[in-house]
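Here is how the chains run, residue by residue.
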Protein chains: 2
Amino acid sequence: MKLYNYFRSSASFRVRIALAIKGLPYEYLPVHLAKGEHRQAAYGDIAADGLVPLLELDDGTRLSQSMAIIEYLDDIHPEPALVPRDALARARVRALAQSIACEIHPINNLRVLKYLSGTLKLDEDTRNTWYRHWVRSGLEAFERQLAQQPASHFCYGDTPTLADCCLVPQIFNGQRFNTPLDGLPRTMAAFDACMALPAFQQAQPSACPDFEA
Amino acid sequence: MKLYNYFRSSASFRVRIALAIKGLPYEYLPVHLAKGEHRQAAYGDIAADGLVPLLELDDGTRLSQSMAIIEYLDDIHPEPALVPRDALARARVRALAQSIACEIHPINNLRVLKYLSGTLKLDEDTRNTWYRHWVRSGLEAFERQLAQQPASHFCYGDTPTLADCCLVPQIFNGQRFNTPLDGLPRTMAAFDACMALPAFQQAQPSACPDFEA
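Rules used in this analysis
- Residues numbered from 1 in each chain as written.
- Chains lettered and ligands numbered in written order.
- Predicted model: local features only at pLDDT ≥ 70, side-chain atom pairs only at ≥ 80, totals over all residues.
- Heavy atoms only, no water.
- Helix = DSSP H or I, 4+ residues; strand = E, 2+ residues; numbered from the N terminus.
- Rg over C-alpha atoms; globule rule 2.2 N^0.38 Å.
- Buried < 20%, exposed > 50% of the residue type's maximum accessible area, 1.4 Å probe, protein only.
- Contact = heavy atoms within 4.5 Å.
- Areas by Shrake-Rupley, 256 points an atom, 1.4 Å probe, with all protein chains shown as cover.
- Lys, Arg positive; Asp, Glu negative; His and termini not counted.
- Charge placed at Lys NZ, Arg CZ, Asp CG, Glu CD.
- Salt bridge = Lys/Arg side-chain N within 4 Å of Asp/Glu carboxyl O.
- Expected span 1.5 Å × (residues − 1).
- Polar contact = N/O pair within 3.5 Å; in protein donor to acceptor, adjacent residues only side chain to side chain.
- Least-squares fit on C-alpha atoms with pLDDT ≥ 70 in both.
- UniProt positions renumbered as here; feature names shortened; annotations may be inferred.
- Domains from an automatic or database assignment.
- Buried area = accessible area lost by both parts, 1.4 Å probe.
- Core = buried A, V, L, I, M, F, W, Y, C linked by side-chain atoms within 4.5 Å.
- Phe/Tyr/Trp six-rings, centres within 6.5 Å; stacked < 30°, edge-to-face > 60°.
- Axes fitted to C-alpha atoms, helices over the stretch in contact; angles between N-to-C directions.
- Left-handed = near helix turned anticlockwise from the far one by under 90°.
- Nonpolar A, V, L, I, M, F, W, Y, C, P; charged D, E, K, R; others polar.

All right, on to the overall build of chain A then. What chain A contains, in helices and strands, is nine helices and four strands. Starting at the N terminus, the α and β elements of chain A follow one another as β-α-β-α-β-β-α-α-α-α-α-α-α. For chain A, the C-alpha radius of gyration of 17 Å lies close to 17 Å, the compact-globule estimate for 213 residues. For chain A, buried positions account for 61% of its 213 residues. If you take every contact in chain A between residues at least 6 apart in sequence, the share linking residues at least 24 apart comes to 67%. Summing over all exposed atoms, chain A offers an accessible surface of approximately 8,400 Å²; the carbon and sulfur share of this is 53%. Charge-centre separation for chain A: the mean point of 21 positive side chains lies 4 Å from the mean point of 24 negative side chains.

See the structure below:
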């Protein structure tokens, strides 16, 4: 398999985690988002949506959207499971993942930040305040959801799931923009539990071949 | 079942479509987002994330996040299927759904528009341009994805799926803000095919008990 991705892309990071947890080897193909490589014709021929991550299977089939890719990997390589088999548990894990992937991340991705700076001419402080506002308020909602669940080592249960694949990159992004992360005990305990695992360490931006400090 | 929702909420609309396609009866419980009812303590006690839709099962279990709710309904009431059974087909349908639910809708939801107007003091024209920009560019990317697929009556294949549940509310929202929808032949053909079905008609905002013109 080949993974088109970018070290700093939060959605790419989710898929790298899933691949590492499942122990699946892949070729790392960097697409430099900050340099706009995803908007060039060469990548447009590969990815109809111009986004990373994109997973290319050995037969050339290409899959987009990080959560869809992770569920596909879980369908084809079921162990260790990233989505529980029980319908209600699946619904909980997916809802937690979507609380990050649909409520926080999209409002703060690179093209939105570029629109704020470029089109709306907002200054860096205003843009960073925007960023921190959505991360913080989103993580507070995430924490309230975790607080209603039974105690667990990770976001849901005692093994990492799709929800943890989404949470960890979001925390990395929050830290990069100095978002306050205090008062989120369940969330940060799940993050710490993840980062104690080699799979999450291997997948992190600083471990990527295209990493830039 | 009870569905906490709002006639104009795009994510609520997705779940109403799924319930209608599956012919599942439910009690409609309106939460008036524009009046801020979702931020009041009474609703906070019900929904940890303060969002609609929220599906309450007959045993009181509460489920959040529209795509997770629809997949749950599909797990428990498999026919008619909204997510294909084949792993690759599932991945495609989920990716299309997420192209709407993770790439377009979150940037334009009510709380983001309120931040643009309230916190950033942007005028209505600037806000509406923002709205149309993300809908239009997102739907163009959606169209490119459909164009790479074999001909189909709906977004994927010849029955409506999770992808159609997400597309139709997004088109309604686009129309409400006068977004140009020309040059999107596959996308609009899928929309028209959906709107020819009674389930989509029944679920639309104007058919809701809390509808306001």
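There is more to say, and it comes next.
Turning our attention to the side chain of Glu-143 of chain A. Residue and element names in this part refer to chain A. Here Glu-143 is to be found in helix H6 (residues 124-147). Buried charged residue Glu-143 carries no salt bridge. Nearest counter-charge: Arg-186, at 6.0 Å. Contacts of Glu-143, omitting those with residues within four sequence positions, involve Gly-183, Leu-184, Pro-185, Arg-186 and Thr-187.

All names here are of chain A. The first and last C-alpha atoms of helix H4 (residues 87-101) sit 20 Å apart over 15 residues, in line with the 21 Å expected at 1.5 Å per residue. Extensive coverage of H4 is indicated by the burial of 13 of its 15 residues. Its side-chain oxygen placed 3.2 Å from the backbone nitrogen of Leu-88, Asp-86 serves as the N-cap of H4.

Moving on, we come to the relation of the copies chain B and chain A. Two chain copies, one operation linking them: a rotation about an axis together with a shift along it. In screw terms, the move from chain B to chain A is a rotation of 180° and a rise of 0.0 Å along the axis, fitting with an RMSD of 0.0 Å. Here the copies are linked by what is in effect a two-fold axis.

Right, let's get into the UniProt feature "domain: GST C-terminal" (unreviewed entry) in chain A. According to UniProt, the positions carrying the feature "domain: GST C-terminal" (unreviewed entry) are residues 86-213 of chain A. What you have in residues 86-213 of chain A is 63% helix and 0% strand, and the ends, taken at the C-alpha atoms, are 42 Å apart.

In this section: the domain arrangement of chain A. Residue and element names in this part refer to chain A. With domains assigned, chain A is organised as domain 1 (2-80) and domain 2 (87-200). Each of domain 1 and domain 2 was reduced to a C-alpha centroid, and the two centroids are 20 Å apart. Contact residues are listed per partner, giving 16 residues for domain 1 and 21 residues for domain 2. Across the domain 1 to domain 2 interface the summed buried area is about 1,600 Å²; carbon plus sulfur atoms make up 69%. The interface formed by domain 1 and domain 2 holds one salt bridge in total.

So, about the nonpolar core. Counting 126 residues, the largest nonpolar core has Trp-130 of chain A together with Trp-130 of chain B as the members making the most contacts within it. If sequence neighbours within four positions are ignored, Trp-130 of chain B has contacts with Val-112, Tyr-115, Leu-116, Leu-120 and Trp-130 of chain A together with Ile-107, Asn-108, Val-112, Leu-113 and Leu-116 of chain B. The next biggest cluster of nonpolar side chains, apart from the first, holds 13 residues, and it includes Leu-29, Val-31, Leu-54 and Cys-208 of chain B.

With that settled, consider the interface of chain B and chain A. It is common to give the size of an interface as the accessible area lost on bringing the parts into contact. Facing 45 residues of chain B, the contacting portion of chain A comprises 45 residues. Both faces combined, the contact of chain B with chain A buries some 4,000 Å², and carbon together with sulfur accounts for 62% of it. Counting the surface chain B buries against chain A, the share from its top three residues, Ala-48, Gln-65 and Tyr-115 of chain B, is 15%. One salt bridge in this structure joins Asp-75 of chain A and Arg-90 of chain B, with 3.2 Å as the shortest N-O distance.

Attention now moves to the packing of aromatic side chains. Tallying each qualifying case throughout the model produces 19 aromatic pairs over all chains. Here the aromatic rings of Trp-130 of chain A and Trp-130 of chain B are separated by 5.8 Å at their centres, their planes lie at 70°, and the arrangement is edge-to-face. In this pair, Trp-130 of chain A is assigned in helix H6 and Trp-130 of chain B in helix H6 (residues 124-147), connecting two distinct chains. Trp-130 of chain A gets classed as buried once you look at its relative accessible area, which sits at 1%. Consider the rings of Phe-13 of chain B and Phe-172 of chain B, whose centres lie 5.1 Å apart with planes at 90°: the pair is edge-to-face. Residue Phe-13 of chain B is located in helix H1 (residues 10-21), and its partner Phe-172 of chain B is located in helix H7 (residues 162-176); the two are separated by 159 residues in the primary sequence. Each member of the pair, Phe-13 of chain B as well as Phe-172 of chain B, carries the same accessibility label: buried. Through a chain of ring-to-ring contacts, three or more aromatic side chains come together here, namely Tyr-115, Trp-130 and Trp-134 of chain A together with Tyr-115, Trp-130 and Trp-134 of chain B.

Next up on the list: the packing of helix H3 (residues 66-76) of chain A against helix H7 (residues 162-176) of chain A. Residue and element names in this part refer to chain A. Interaxial distance between H3 and H7 falls to 10 Å at its minimum, and their mutual angle equals 145°. Viewed along their axes, H3 and H7 form a crossing whose handedness is right-handed. Contacts between H3 and H7 involve Met-67, Ile-70 and Glu-71 from the former and Leu-162, Cys-165 and Cys-166 from the latter. Of the residues in the contact of H3 with H7, the class split is five nonpolar, no polar and one charged.

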